[in-house]
Amino acid sequence: STGLRQSAAMSRTAVSPSVAIADTVYLCPSDRAARGWRRHLTERGVPFHDYLAIETWLASLWARAALFGLIADAPTLLPQDAQRALWHRLAASHSNLLTSECDRVVTLVDEAWLLAERHGLPLSPASATGVAADDNAAWFAAIRVAARRWLGAHRLLTRAELPARLAESLPLWRPLLP
């Protein structure tokens with residue numbers, strides 16, 4: 001019964017559920033899911049503060065941390081279109097592919113970059129075994145090394161690198177979290 005009285009007292013002093021929900025930010029796996037979730041909440045009359053794709057939220061955290069000087073010498077986030085142009089240039093310079101073939105390869109390089117960065121794969125596939133698994137893995141490894149060099153020289157960062165970079169600097173930007 002003591003627990004019940006404490007619970008009742010806490011519920012009287014707590015923020016009302018509609019206010020708590022109105023302050024809620026929903027993180028979704030994609031922009032499409034965020035739009036769908038917004039539509040779902042709006043149709044049901046549920047108040048909310050915001051809905052964001054996780055990638056958008058991470059980029060926003062990075063931008064705020066850089067703006068407030070919480071991350072010293074924070075690299076600039078490379079826009080998605082510029083990133084695709086970089087993949088195209090690197091694919092062309094590391095192969096004998098035609099322009100039309102490079103256009104198709106860009107999506108694959110982008111996906112491979114995301115997976116490699118998010119899973120913390122070694123920069124070279126040969127670093128774990130001493131031998132590259134195949135020509136494609138060696139080709140992507142060369143592109144990855146060149147991309148790292150170029151991004152570092154221009155003080156740029158891709159969205160795929162954001163989670164790891166934010167995690168490294170968490171104590172610095174933690175005050176920005178709600």
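Structure: see above.
Nothing here was measured: the structure is a model prediction, and the numbers come from that model.

Enquirer: Whenever I open this one, a nonpolar patch on the surface confuses me. Can you help?
Expert: On the surface, a cluster of nonpolar side chains totalling about 210 Å² of accessible area is made up of Val25, Leu27 and Ile54. Its place among the elements puts leucine 27 in strand E1 (residues 25–28). You can call leucine 27 partly exposed: its relative accessible area is 38%.

Enquirer: Would you mind going over the nonpolar core with me for this structure?
Expert: Inside soluble globular proteins, nonpolar side chains tend to come together where they are buried. Formed by 18 residues in total, the largest nonpolar core has its most connected members in Leu86, Trp87, Leu90, Val109, Trp113 and Leu151. Elements that contribute at least two residues to this core include exactly helix H5 (80–93), helix H6 (99–118) and helix H8 (135–153). Sorting elements by how many residues they give to this core places H6 first, with 6 residues. Contact partners of tryptophan 87, with chain neighbours within four places excluded, come to Val106, Val109, Asp110, Trp113 and Ala147. Within the second largest apolar cluster, 11 residues are counted, among which are Trp62, Ala74, Leu162 and Leu166.

Enquirer: Mind showing me how you'd approach the side chain of glutamate 161 here?
Expert: Mapped onto the secondary structure, glutamate 161 falls in the loop between strand E4 (156–157) and helix H9 (162–168). On the basis of relative accessibility, which here comes to 7%, the residue glutamate 161 falls in the buried class. A distance of 2.5 Å separates polar atoms of two side chains, one belonging to glutamate 161 and the other to arginine 148. Each residue touching glutamate 161, except ones within four places of it in the same chain, is listed here: Trp113, Glu117, Arg148 and Leu151.

Enquirer: Explain the pairing of strand E2 (residues 50–53) to me, please; I cannot follow it from the model alone.
Expert: Each regular strand displays side chains that alternate between the two surfaces of the sheet. Note: E1 against E2, 4 bridges, orientation parallel. Residue leucine 27 lies in a different strand from E2, and its bridge partner there is leucine 52. Running through helix H3 (residues 31–43), the crossover from E1 to the neighbouring parallel element E2 is right-handed.

Enquirer: Would you mind showing me how to read the packing of H5 against H8 here?
Expert: The relative placement of two packed helices comes down to the angle between their axes together with the axis-to-axis distance. Contact geometry of H5 with H8 gives a least axis separation of 10 Å together with a crossing angle of 125°. By the angle between their axes, H5 is oblique relative to H8. Seen from above, H5 lies across H8 with right-handed handedness. Residue-level inspection shows Leu86, Trp87, Arg89, Leu90 and Ala91 of H5 in contact with H8, the latter providing Trp139, Ile143, Ala146, Ala147, Trp150 and Leu151.

Enquirer: What should I look at first to understand the pattern of salt bridges in this one?
Expert: A side chain with one charge may pair with a side chain of the opposite charge, provided their charged atoms come close. Applying the stated criterion to the full structure yields 6 salt bridges. With a closest N to O distance of 2.8 Å, arginine 118 and glutamate 55 form a salt bridge. Within this pair, whereas arginine 118 is found in helix H6, its partner glutamate 55 is found in helix H4 (residues 54–67), the two being separated by 63 residues in sequence. The class for arginine 118 is partly exposed, based on a relative accessible area of 33%.

Enquirer: Mind showing me how you'd approach the packing of H6 against H8 here?
Expert: Where H6 meets H8, the closest approach of the two axes is 11 Å, and the angle between their N-to-C directions is 75°. As judged from the angle between their axes, H6 and H8 are roughly perpendicular. In contact with Val105, Val109, Ala112, Trp113, Ala116 and Glu117 of H6, H8 contributes Trp139, Phe140, Ile143, Arg144, Ala147, Arg148 and Leu151. Across the contact of H6 with H8, the residue classes tally to 10 nonpolar, no polar and 3 charged.

Calculation criteria
Residues numbered from 1 in each chain as written. Predicted model: local features only at pLDDT ≥ 70, side-chain atom pairs only at ≥ 80, totals over all residues. Heavy atoms only, no water. Patch = residues over 30% accessible without salt bridge, like charges linked within 9 Å, V, L, I, M, F, W, Y side chains within 5 Å. Areas by Shrake-Rupley, 256 points an atom, 1.4 Å probe, with all protein chains shown as cover. Salt bridge = Lys/Arg side-chain N within 4 Å of Asp/Glu carboxyl O. Helix = DSSP H or I, 4+ residues; strand = E, 2+ residues; numbered from the N terminus. Buried < 20%, exposed > 50% of the residue type's maximum accessible area, 1.4 Å probe, protein only. Core = buried A, V, L, I, M, F, W, Y, C linked by side-chain atoms within 4.5 Å. Contact = heavy atoms within 4.5 Å. Polar contact = N/O pair within 3.5 Å; in protein donor to acceptor, adjacent residues only side chain to side chain. Pairing = 2+ DSSP bridges. Right-handed = clockwise from strand over helix to strand, strands pointing away. Axes fitted to C-alpha atoms, helices over the stretch in contact; angles between N-to-C directions. Parallel < 35°, antiparallel > 145°, perpendicular 65-115°, else oblique. Left-handed = near helix turned anticlockwise from the far one by under 90°. Nonpolar A, V, L, I, M, F, W, Y, C, P; charged D, E, K, R; others polar.

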